[in-house]
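# Fold and geometry: a report
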Amino acid sequence: MARDADNREQFRPDDHDNEHFLLTSVVGSYPKPTWLNRADDLVDDPDASFDADDLEEAHDDACRLITEEHERTGLDTVVDGEMRRNEMVEFFAERIDGYEFNGPVKVWGHNYFHKPSVVEEVSYDEPWLVDEFEFTNAVAERPVKVPITGPYTLANWAFDEHYGDSEALAYDLADLVNEEIEKLVEAGARYIQIDEPALATTPDDHAIVGSCLERIVDGVPDEVRVGVHVCYGDYSRIYPELNEFPVDEVDLELCNDDYQQIETLADGEFAPDLALGVVDVHDAEVESVEEIKQNIEQGLKVVPPEQLTVSPDCGLKLLPRDAAYQKTENLVTAAREVEAELDAGEIEVPARDAVTADD
């Protein structure tokens, strides 16, 4: 079941003006500066006088830039935009013993994915994200959230040439994620997000994901906030079962279908906090503050304000950078205005059992 931990208030800024507090955050990825993409290409060019040290400096500069950009929007918790990461599975597979790469695989159109293979038992050697977190934490003035690709996705988006049992592989990977979180917590991390996009395409495996999360949070202190992000899918196939996930927060992509599934989630008691997607990451048109406020109120049909986190639908990396920034800034402005209206009693929070399909 959802973790019974009151760890949200630590992210309330000292200068927060409103009594109500809607935690604002981003899912993770953010558009990379054009020059960083060029730097990633240059390091592989034998004719360029650009080496790994130069690339590390470029990554540091980009992480500093995007972290500060997030803070300018007013976000309560920030991410470095995953500037050091290439692809969400590939990045981790390169760091986990037991994976190897055998060339790109065509996934759709002219797009290719460096799909890894598991060729032996996976194991944990060096930390994956501690250096990344420590750098971002040092340059940030706001708390830093750490996104980690989840074990179910790491298992199912790879070729299994060793286990012959994707469930067993996922559980072994979950134990490794637990080790990594232990190291992150020692380094000062207080907000961890497990990304499980694969669950959206195979929702009947929700029990496997739940068991993976049990392993992941084992021994994690209550003051460390743990969430899980699930990309867009038919959430009726994982709800109310997701109430059993041992996490503080479940992050769902609800904006891009205009909240058609909100009544499904409002039917019954939504146990964890809800991180509600309130801007569409697939559309470069920037939602107005008023539109986003209406979207936030959709979330209040599911959970009370003290259980609502406000975020984009998913990672923002495919958007133009100016659109990503403006969507994020408007998201924060909308959240602060909704808080003020809640303080003034101008927004009526519906009783959970009073929500109907006609609302």
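Located above this text is the structure these notes cover.
Overview of the structure. None of these values were measured; they are calculated from a predicted model.

Here we come to the sheet that holds strand β7 (residues 159-160). Within a beta sheet, neighbouring strands are joined by backbone hydrogen bonds and run either parallel or antiparallel to one another. Overall, mixed pairing links the 3 strands, which are arranged β2-β5-β7 in an open sheet. The open sheet has two edge strands, β2 (97-101) and β7, and neither has a second partner. Bridging between strand β5 (residues 116-123) and β7 involves 2 bridges; their strand directions are parallel. Within the sheet, the bridge partner assigned to Ser-117 lies in β7 and is Phe-159.

Here we take up the environment of Ile-194. Considering the arrangement of structural elements, one finds Ile-194 in strand β8 (residues 191-195). Overall, Ile-194 belongs to the buried group, its relative accessible area being 0%. As for Ile-194 and Ile-148, which are separated by 46 residues in sequence, their C-alpha atoms are 5.0 Å apart. Setting aside its immediate chain neighbours within four residues, Ile-194 contacts Ile-148, Gly-150, Pro-151, Val-177, Ile-181, Leu-213, Ile-216, Gly-227, Val-228 and His-229.

Right, let's get into the packing of helix α1 (residues 34-42) against helix α2 (residues 52-73). Contact pair α1 / α2: the axes reach a minimum separation of 10 Å and the direction vectors enclose 160°. Relative to α2, the element α1 is oriented roughly antiparallel. Handedness of the crossing formed by α1 with α2: left-handed. Together, Trp-35, Leu-36, Ala-39 and Asp-40 of α1 and Leu-55, Ala-58, His-59, Asp-61, Ala-62 and Leu-65 of α2 make up the contact between the two elements. A per-class count over the contact of α1 with α2 returns 7 nonpolar, 1 polar and 2 charged.

On to a negative patch on the surface, then. Where like charges cluster on the molecular surface, the negative patch consists of Asp-97, Glu-100, Glu-120, Glu-121, Asp-125, Glu-126 and Glu-161. Elements that contribute at least two residues to the negative patch include exactly β2 and β5. Along the chain, Glu-100 falls in strand β2. A relative accessible area of 33% means that Glu-100 is categorised as partly exposed.

Looking now at the layout of surface pockets. Size it by volume and the second largest pocket reaches roughly 730 Å³. For the second largest pocket, the lining is made up of 25 residues, of which His-59, Arg-84, Arg-85, Phe-91 and Arg-95 are closest to its centre. Taken together, the elements giving at least two residues each to the lining of the second largest pocket come down to α1, α2 and α4 (130-139). Per-element accounting of the lining of the second largest pocket gives the leading share, 5 residues, to α2.

Once that is clear, we can look at unusual backbone geometry. Cis geometry marks the peptide bond from Tyr-239 to Pro-240, where omega comes out at 15°. Mapped onto the elements of the fold, Pro-240 is located in the loop between β9 (225-230) and β10 (249-252). One non-glycine residue, Glu-82, lies in the positive phi region at around 60°. Secondary-structure assignment places Glu-82 in the loop between α2 and α3 (90-93).

A complete count under the given rule lists 5 aromatic pairs for this structure. Centre to centre, the rings of Tyr-239 and Phe-270 are 5.6 Å apart; their planes meet at 20°, and the pair counts as stacked. Of this pair, Tyr-239 sits in the loop between β9 and β10 while Phe-270 sits in the loop between α8 (262-266) and β11 (273-277); the two residues are 31 residues apart in sequence, bridging distant segments of the chain. What makes Phe-270 buried here is its relative accessible area of 2%. Each residue in the set Phe-91, Phe-92, Tyr-124 and Trp-128 is aromatic and connected to the rest through ring pairs, giving one cluster. A cation sits over an aromatic face here: Arg-95 above Phe-91, 3.7 Å from the ring centre.

Applying the stated criterion across every chain, the model contains 2 cavities of 30 Å³ or more. Quantified by volume, the largest cavity comes out at close to 60 Å³. Every residue lining the largest cavity is listed: Val-79, Asp-80, Arg-85, Leu-129, Glu-132, Phe-133, Thr-136, Val-144, Lys-145, Val-146 and Pro-147. Put simply, the parts of the chain that give the lining of the largest cavity at least two residues each are α4 and β6 (146-149). By residue class, the composition of the lining of the largest cavity is 6 nonpolar, 1 polar and 4 charged. In this structure, the second largest cavity encloses a volume near 40 Å³. Taken together, Leu-199, Ala-200, Pro-203, Val-230, Cys-231, Gly-233, Asp-234, Tyr-235 and Ile-238 form the lining of the second largest cavity. Of the residues that constitute the lining of the second largest cavity, the class distribution is 7 nonpolar, 1 polar and 1 charged.

On to the nonpolar core, then. Counting 108 residues, the largest nonpolar core has Ile-148, Phe-270 and Ile-296 as the members making the most contacts within it. Sort the elements by how many residues they give to this core and helix α6 (residues 166-186) lands first, with 10 residues. Once residues within four sequence positions are removed from consideration, Ile-296 is found in contact with Leu-22, Leu-276, Val-278, Leu-308, Val-310, Ala-334, Ala-335 and Val-338.

Where charged atoms from two side chains of opposite charge approach closely, those side chains can pair. Applying the stated criterion across every chain, the model contains 24 salt bridges. Taking the shortest distance from any N to any O, the salt bridge between Asp-60 and Arg-84 comes out at 2.8 Å. In this pair, Asp-60 sits in helix α2 while Arg-84 sits in the loop between α2 and α3, placing the two residues 24 residues apart along the sequence. Comparing Asp-60 with Arg-84, the two get one shared label, buried. Between Asp-175 and Arg-215 there is a salt bridge, with its nearest N and O atoms 3.1 Å apart.

Reading guide: rules and limits
Residues numbered from 1 in each chain as written. Predicted model: local features only at pLDDT ≥ 70, side-chain atom pairs only at ≥ 80, totals over all residues. Heavy atoms only, no water. Pairing = 2+ DSSP bridges. Helix = DSSP H or I, 4+ residues; strand = E, 2+ residues; numbered from the N terminus. Buried < 20%, exposed > 50% of the residue type's maximum accessible area, 1.4 Å probe, protein only. Contact = heavy atoms within 4.5 Å. Axes fitted to C-alpha atoms, helices over the stretch in contact; angles between N-to-C directions. Parallel < 35°, antiparallel > 145°, perpendicular 65-115°, else oblique. Left-handed = near helix turned anticlockwise from the far one by under 90°. Nonpolar A, V, L, I, M, F, W, Y, C, P; charged D, E, K, R; others polar. Patch = residues over 30% accessible without salt bridge, like charges linked within 9 Å, V, L, I, M, F, W, Y side chains within 5 Å. Areas by Shrake-Rupley, 256 points an atom, 1.4 Å probe, with all protein chains shown as cover. Salt bridge = Lys/Arg side-chain N within 4 Å of Asp/Glu carboxyl O. Lys, Arg positive; Asp, Glu negative; His and termini not counted. Charge placed at Lys NZ, Arg CZ, Asp CG, Glu CD. 1 Å grid on protein atoms, 1.4 Å probe; cavity = no way out; pocket = protein on both sides within 12 Å on 5 of 7 lines; lining within 4 Å. Points joined across faces, edges and corners; volume = space filled by probe spheres on them. Phe/Tyr/Trp six-rings, centres within 6.5 Å; stacked < 30°, edge-to-face > 60°. Lys NZ or Arg CZ within 6 Å of the ring centre and 35° of its normal. Core = buried A, V, L, I, M, F, W, Y, C linked by side-chain atoms within 4.5 Å.

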